[in-house]
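Listed below, chain by chain, are the residues.
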Amino acid sequence: YVVLTAQSKQQPSPQPTTPAQQVIQPTPTINPTANWKTYTNIKHKFSLKYPTDWKYVEVPTPTYQTQNDEIWFLPQSSPLPPPQTDARADVVFVFTSEDPSSNWQPQYFNNYKTESYQLGNVSAKKITGMNKEGLNQEMVIIADVGDFYLQVFSNYGEVSLQYFDQILSTFRFE
């Protein structure tokens, strides 16, 4: 008798094929304020960035008599607001020793809205509404900084609104 045995040659099991691995690169986040100028205020101990084609004015000055320290930011191509008027620069910082909140109560505004706002490392309040007297849209950030109160205004113009939050996002108390 002849016995034949078949030997099975083991074939390697097929491995599942995977598509070529894709390397996904994260899209770099562009910081719109990266190349901006830096403003530093030693007296009130803060700094911020503002657009390279803007300027700032520290008041009071002989032309602009104010009761409080103010810093105005506006495009270089924009004229300064006329003295002794309610006109204001695009972004205005006002430092007061007294709490300004009483000037920003709901009875003075239509569409009054208030919300929490983070100004650098300080909690603040953002108030918006239509001023009943002047019939103009208003926006202010108010922060109690301990030694003083800070109000930050927008003139509510197109350029002001475009840069307001970006400027404030760079604000830091030293």
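Here the structure is shown first, and the text comes after it.
A brief look at the structure comes next. In this text the structure is predicted, and so the values were computed from the model without any measurement.

## A short note on the pairing of strand 4 (residues 69-75)
Side chains on a regular strand alternate between the two faces of the sheet. The buried count for strand 4 comes to six of seven residues, which makes it a mostly enclosed element. As paired elements, strand 3 (residues 54-59) and strand 4 share six bridges and run antiparallel to each other. Bridge pairing in strand 4 links tyrosine 56 to phenylalanine 73. The sheet contact formed by strand 4 and strand 5 (residues 91-96) spans five bridges and is antiparallel. Pairing of phenylalanine 73 across the sheet is with valine 91, part of strand 5.

## Description of the pattern of salt bridges
Throughout the structure, instances matching the rule amount to two salt bridges. With its nearest N and O atoms 2.7 Å apart, the salt bridge here joins aspartate 69 to lysine 43. Residue aspartate 69 is located in strand 4, and its partner lysine 43 is located in the loop between strand 1 (37-41) and strand 2 (46-50); the two are separated by 26 residues in the primary sequence. Taking the relative accessible area as the measure of exposure, lysine 43 reaches 59% and is therefore exposed. For glutamate 115, the salt bridge identified is with lysine 113, shortest N-O distance 3.7 Å. Its relative accessible area of 34% is what places glutamate 115 among the partly exposed residues. Its relative accessible area of 47% is what places lysine 113 among the partly exposed residues.

Scoring rules and cut-offs
- Residues numbered from 1 in each chain as written.
- Predicted model: local features only at pLDDT ≥ 70, side-chain atom pairs only at ≥ 80, totals over all residues.
- Heavy atoms only, no water.
- Buried < 20%, exposed > 50% of the residue type's maximum accessible area, 1.4 Å probe, protein only.
- Helix = DSSP H or I, 4+ residues; strand = E, 2+ residues; numbered from the N terminus.
- Pairing = 2+ DSSP bridges.
- Salt bridge = Lys/Arg side-chain N within 4 Å of Asp/Glu carboxyl O.

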